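Inside the fold
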Amino acid sequence: MDQPPHARTASFLVDDAPLLPFHKRLALHAGGGPFLDGYVLSIIGIATVQITPQWGLSSAQQGLIAASATIGIFLGSLLGGRLTDRFGRRRLYAFDLTAVAVFSVAQFWVEGFWWLFLLRVLIGVAIGADYPVAASLLTEFTPKKYRGPFIGSLTVMWFLGAASAYLVGDLVSGLGDQGWRWVLASAAVPAALAVLARAGTPESPRWLAGKGRVAEAEAIVTKVFGPHAALEIESGRSAGAIGPLRKSGYLGRIAFVTTFWTASVVPLFAVYAFGPRILAGLGLDGRVANMGSAAITILLLVSCVIALTAINKLGRRTLLIHSFAWSGLTLLLLGLFPGSPVPVILCLFATYAIFTGGAQVLQLVYPNELFPTEIRGSAVGLASSLSRVGGAIGTYMVPIALDRWGIGPTMLGAAAIAVIGLAVSAAWAPETRGKSLADSTRL
């Protein structure tokens, strides 16, 4: 491993540093974006129950509203990735969730389909911009022993946001015919709390060092880790030498990350955007469907926590392959036997929730460990954006598929996507367990 001169006399490198309270705080407020992603995506499923009859929305319009935030995330992830690699992590980190709060409040006064669609696209842009920023910042501060679980915890925050959305939405939607306005505006509360928690977060020393601002980087390392810590160099090339992402030699890794990420989110997004409706198609409806969606989300949250405990024991590759194999099998059974008794249906959904956790937590772990600092934000942003293309298409198609083909074929389609994820993971997934960023990012 190449090291700067000062690193050779240091007591330890940042990758080998002990876990500090700083890391725990950083992981918590870095999770604000994923929490809001899960919240915003899930809350629309409850809101549209009231909006649809009031506005006379068609299935296509329901699909567009449900997919609107995902479309925005596609745009925001691309933009945020480029901006954070060029201007640093800290600036955008302090701003993007403020926009989420503002646009969420604006939804309270929205009138008409297209205005709601636009506002939700803007919310998605802000959330999407946060993904490469927050994930890069957390990756570049966290020691290798804790990196997998900490980055994976961002996915746990996604499911926590989704579970909170179903619970809050079920409670607030009871405030009369216009309760959906309060439901959508409620996202401003966690957004504002996240903005306050992020105040004072330092810039990434790895990014600063890559830009030649070594003295600033060392000052932050000393402040966070103490006087005996030093940074290591992630590659044999100086920062900026990789050039544009398309010329960097990392496109194979982009293809892997994008494909498995897409295969893991398409079935999940469909379930979350239309969870109550899917459960209604399987024999549950009304508040039971809302509570069923919340219960499944809690199981997903638990499964992600389990995956975090296994990520260093099993390794990234093994965890990903098993996750796709077993979750895909449950989707297949749901598609083949949609008329099963309600307890069987709920059991299958619960099984899907338990086994999909591995693929979900690795969505951010892999891209942050496979790309070097100088292109990490751009790579994560690109992979996130491309995965959301499939997510948006899948979410848009769910109500149409339910109307035209029914619940069985819809679930079979989700199972087929999981099989694609399994095949790609078996063929391409590398193992990064226990590696420093210098080793895991090297081609």
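About the thresholds
- Residues numbered from 1 in each chain as written.
- Predicted model: local features only at pLDDT ≥ 70, side-chain atom pairs only at ≥ 80, totals over all residues.
- Heavy atoms only, no water.
- Helix = DSSP H or I, 4+ residues; strand = E, 2+ residues; numbered from the N terminus.
- Buried < 20%, exposed > 50% of the residue type's maximum accessible area, 1.4 Å probe, protein only.
- Contact = heavy atoms within 4.5 Å.
- Areas by Shrake-Rupley, 256 points an atom, 1.4 Å probe, with all protein chains shown as cover.
- 1 Å grid on protein atoms, 1.4 Å probe; cavity = no way out; pocket = protein on both sides within 12 Å on 5 of 7 lines; lining within 4 Å.
- Points joined across faces, edges and corners; volume = space filled by probe spheres on them.
- Nonpolar A, V, L, I, M, F, W, Y, C, P; charged D, E, K, R; others polar.
- Axes fitted to C-alpha atoms, helices over the stretch in contact; angles between N-to-C directions.
- Parallel < 35°, antiparallel > 145°, perpendicular 65-115°, else oblique.
- Left-handed = near helix turned anticlockwise from the far one by under 90°.
- Salt bridge = Lys/Arg side-chain N within 4 Å of Asp/Glu carboxyl O.
- Phe/Tyr/Trp six-rings, centres within 6.5 Å; stacked < 30°, edge-to-face > 60°.
- Lys NZ or Arg CZ within 6 Å of the ring centre and 35° of its normal.
- Expected span 1.5 Å × (residues − 1).

1. Some thoughts on the overall build of the protein chain
Scanning the protein chain from terminus to terminus reveals 19 helices and 2 strands. Counting every position in the protein chain, which comprises 443 residues, the buried fraction comes to 59%. Expressed as a percentage of contacts within the protein chain between residues at least 6 apart in sequence, the contacts between residues at least 24 apart total 87%. As presented, the protein chain carries roughly 16500 Å² of accessible surface, and 68% of it is formed by carbon and sulfur atoms.

2. Quick word on empty space enclosed by the protein
This model, assessed by the stated rule, comprises 3 cavities of 30 Å³ or more. Every residue lining the largest cavity is counted, 14 residues in all, and those nearest its centre are Y131, T155, W158, Q363 and R388. At the level of elements, α7 (144–172), α12 (251–273) and α16 (342–370) are the ones that each hand at least two residues to the lining of the largest cavity. The residue makeup of the lining of the largest cavity, split by class, is 10 nonpolar, 3 polar and 1 charged. Each pocket or cavity is described by its volume, and for the second largest cavity that value is around 50 Å³. In terms of lining residues, the second largest cavity is bounded by A263, S264, P267, S323, F324, S327, L331, Y352, T356, A359, Q360 and A418. Counted by class, the lining of the second largest cavity contains 7 nonpolar, 5 polar and no charged residues.

3. As for the packing of helix α15 (residues 316–336) against helix α18 (residues 407–428)
Viewed as axis vectors pointing N to C, α15 and α18 meet at an angle of 160°, and their least axial separation amounts to 8 Å. It follows that α15 is roughly antiparallel to α18 by the angle criterion. Here the hand of the crossing between α15 and α18 comes out left-handed. When α15 is examined against α18, the residues R317, L320, I321, F324, A325, G328, L331, L332, L334, G335 and L336 are found in contact with a partner set consisting of G408, M411, L412, A414, A415, A418, G421, L422, S425 and A426. Its residues assigned to classes, the contact of α15 with α18 shows 15 nonpolar, 5 polar and 1 charged.

4. Here we look at the pattern of salt bridges
Scanning the model with the defined rule gives 12 salt bridges in all. Each of the salt bridges in this network shares a partner with another, and the network as a whole consists of D85, R89, E140 and R376.

5. What to know about the packing of aromatic side chains
On inspection of all chains with the given rule, the structure shows 16 aromatic pairs. A centroid spacing of 4.7 Å and a plane angle of 70° characterise the contact between F113 and W114, whose relative ring orientation is edge-to-face. The class for F113 is buried, based on a relative accessible area of 9%. On the basis of relative accessibility, which here comes to 58%, the residue W114 falls in the exposed class. Counting every residue linked through ring pairs, the aromatic cluster contains F22, F141 and F225. Positioned above the aromatic ring of Y93, the side-chain terminus of R198 is 3.9 Å from the ring centre.

6. Structural notes on α18
The terminal C-alpha atoms of α18 lie 32 Å apart, and with 22 residues this matches the ideal 32 Å at 1.5 Å per residue to within 8%. Buried within α18 we find I407, G408, T410, M411, A414, A415, A418, G421, V424 and S425.

7. Description of the packing of helix α2 (residues 32–55) against helix α6 (residues 113–141)
At a minimum axis distance of 10 Å, the contact between α2 and α6 shows a crossing angle of 170°. In terms of axis orientation, α2 runs roughly antiparallel to α6. Only F113, L116, R120, I123, I127, D130 and Y131 of α6 make contact with α2, whose side of the interface consists of G33, P34, L36, D37, V40, L41, I44, I51 and W55. Looking at the contact of α2 with α6 residue by residue, the classes come out as 12 nonpolar, 1 polar and 3 charged.

8. Focus: the environment of V100
Among the secondary structure elements, V100 is positioned in helix α5 (residues 96–106). Dropping the residues within four chain positions of it, V100 is found in contact with L36, I123, A126, I127 and A191.

9. Considerations on the environment of L167
Mapped onto the secondary structure, L167 falls in helix α7. Through-space distance from the C-alpha of L167 to that of I43 is 9.3 Å; in sequence the pair is 124 residues apart.

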